[in-house]
Amino acid sequence: MNSLLPSGFLFGLVVSLCLADNFDQAYSDLEHYRTIYISENGPRLSVVTEQAKVVSRRGGNVTLPCKYIRDSSAPPNPKLRIKWTKLTADYLREEDVFVVMGFHKKSYGSFHGRVYLQDAGENDASLVINDITLEDYGKYKCEVIDGLEDDTGVVALDLQGIVFPYFPRLGRYNLNFHDAEKACRDQDAVVASFDQLYEAWRGGLDWCNAGWLSDGSVQYPITKPREPCGGKNTVPGVRNYGQRDKEHNRYDVFCFTSNYRGRFYYLIHPTKLTYDEAVQACRRDGAQIAKVGQMFAAWKLLGYDRCDAGWLADGSVRYPISRPRRRCSPNEAAVRFSGFPDKKHKLYGVYCFKAHN
Ligand SMILES: *[C@@H]1O[C@H](CO)[C@@H](O)[C@H](O)[C@H]1NC(C)=O
């Protein structure tokens, strides 16, 4: 399909080798600074997260477990501070989520009004997040600061959902990282993480076009090795181009979406429609023309099946098949893609989405 892929793949290998070298170096440097102070009676504070991972879905509520254990002989500390932060997708930074000290509480950014401490008894630092969004996916750090003592634990919030490869009407390999973020958002999705793509690969996703992931790397999942996709005699796997230039390099993208609140449906209409007529027809039905992410979510999470090619908001034409059959998708359950036809062609139906409140 694409002669760039094999060389790109090699390049990825080289990059990961270099990275490995650097890690070794960074690690040996660290050794010098790793002085650990141990008080005579052992640590006076420790933070425990019972579960390393919690699974939820968009719209759900979740509790990220975290407990701290204080030295029982220590007097109560009214200035004990509990701080929750979220690691960014590249793990390079942390963003503030929630801080509490005594009666003072503060939640930050998009978490404002959606997060609070569970407060289930003494020494509980568990965080409740309500009305989970796609952006909430990721790793959270629970930090407890008790005077000079300080300890942390990490909990991952995983979401039930689906990864889908995406390129826009412009065609293949047209998105820099920022375009990719917007492209997923426009499809009611976010850029997928490596872990999400890896899970999708384990579930059988095979896609021979490289796409951005949320950590700024570019990769693609291959379950059936073949010549144009990294080589015929290679092992199946997620092929990695490594970190690419977010401004200047252009690829497709892997998007991730989860449950939605609303109804996705094929509009029963007496005639086939042009794109503009399709947009109007959904609107007249009190809905909106559906997005690509909504079709994938309906297909994956609800088993939605409809053998009618229909317009979607991005101007593509697709149809979701859960029960493979002749003339629909004979060999596999899949969201079938009929391309980005001329918007004037009056040849297709339309899929609509009606949001609940
Ligand atoms: C989440 O919690 C809020 C507030 O407690 C509640 O109103 C809502 O129904 C809960 N949502 C789910 C999906 O359980």
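Per an unreviewed UniProt entry, the chain goes by the name Hyaluronan and proteoglycan link protein 1 and belongs to Albula goreensis. Its UniProt record gives the chain a comment under Subcellular location (unreviewed entry), which states: "Secreted, Extracellular space, Extracellular matrix".

Caption draft 1: Region of interest: the overall build of the chain. Within the chain one finds five helices and 23 strands. Looking at the chain as a whole, 33% of its 357 residues qualify as buried. Pairs at least 24 residues apart make up 61% of the contacts formed inside the chain by residues separated by at least 6 positions.

Caption draft 2: Region of the structure containing the site of the ligand. The immediate surroundings of the ligand are formed by Gly59, Gly60, Asn61 and Asn130. Split by residue class, the shell around the ligand holds no nonpolar, four polar and no charged.

Caption draft 3: Representation of the confidence of the model for the chain in the model. Considering every residue of the chain, the mean pLDDT works out to 89; 88% of them sit at 70 or more. Considering only residues more than four positions removed or in separate chains, one finds that residues 1-38, a stretch of pLDDT under 50, has 20 contacts.

Caption draft 4: The sheet that holds strand 9 (residues 127-129), seen in detail. One open sheet holds the three strands; their spatial order is 3-9-8, and the pairing between them is antiparallel. Edge positions in the sheet fall to strand 3 (62-64) and strand 8 (115-117), since each has one partner strand and no second. Neighbour-to-neighbour, the strand axes of the sheet open up by a mean angle of 25°, direction not taken into account. In the sheet, strand 8 pairs with strand 9 via three bridges, with the strands oriented antiparallel. The partner of valine 115 across the bridge, within strand 9, is isoleucine 129.

Caption draft 5: How the structure looks around the nonpolar core. Formed by 61 residues in total, the largest nonpolar core has its most connected members in Val253 and Cys255. When residues of this core are assigned to their parent elements, the largest contribution, six residues, is made by helix 5 (residues 292-302). Not counting residues within four places of it along the chain, the set of residues in contact with valine 253 comprises Tyr166, Leu175, Ala180, Ala183, Cys184, Val191, Gly211 and Trp212. Ranked by size, the runner-up nonpolar core spans 17 residues in total, among them Phe98, Phe111, Leu127 and Val144.

Caption draft 6: Region of interest: the sheet that holds strand 6 (residues 94-101). With respect to topology, six strands assemble into an open sheet ordered 2-11-10-5-6-7, the strand pairing being mixed. If you trace the sheet from one side to the other, it starts and ends with strand 2 (53-56) and strand 7 (104-107), each paired once. Across the sheet, the axes of successive neighbouring strands diverge by a mean angle of 25°, strand direction being ignored. Taken together, the four bridges between strand 6 and strand 7 define a ladder with antiparallel strand orientation. Bridging across to strand 7, methionine 101 finds its partner in histidine 104.

Procedures and definitions
- Residues numbered from 1 in each chain as written.
- Predicted model: local features only at pLDDT ≥ 70, side-chain atom pairs only at ≥ 80, totals over all residues.
- UniProt positions renumbered as here; feature names shortened; annotations may be inferred.
- Helix = DSSP H or I, 4+ residues; strand = E, 2+ residues; numbered from the N terminus.
- Buried ≥ 20, exposed ≤ 12 C-beta atoms within 10 Å, placed from the backbone.
- Contact = placed C-beta atoms within 7 Å.
- Near = placed C-beta within 6 Å.
- Nonpolar A, V, L, I, M, F, W, Y, C, P; charged D, E, K, R; others polar.
- pLDDT = per-residue confidence, 0-100.
- Pairing = 2+ DSSP bridges.
- Axes fitted to C-alpha atoms, helices over the stretch in contact; angles between N-to-C directions.
- Core = buried A, V, L, I, M, F, W, Y, C linked by C-beta atoms within 7 Å.

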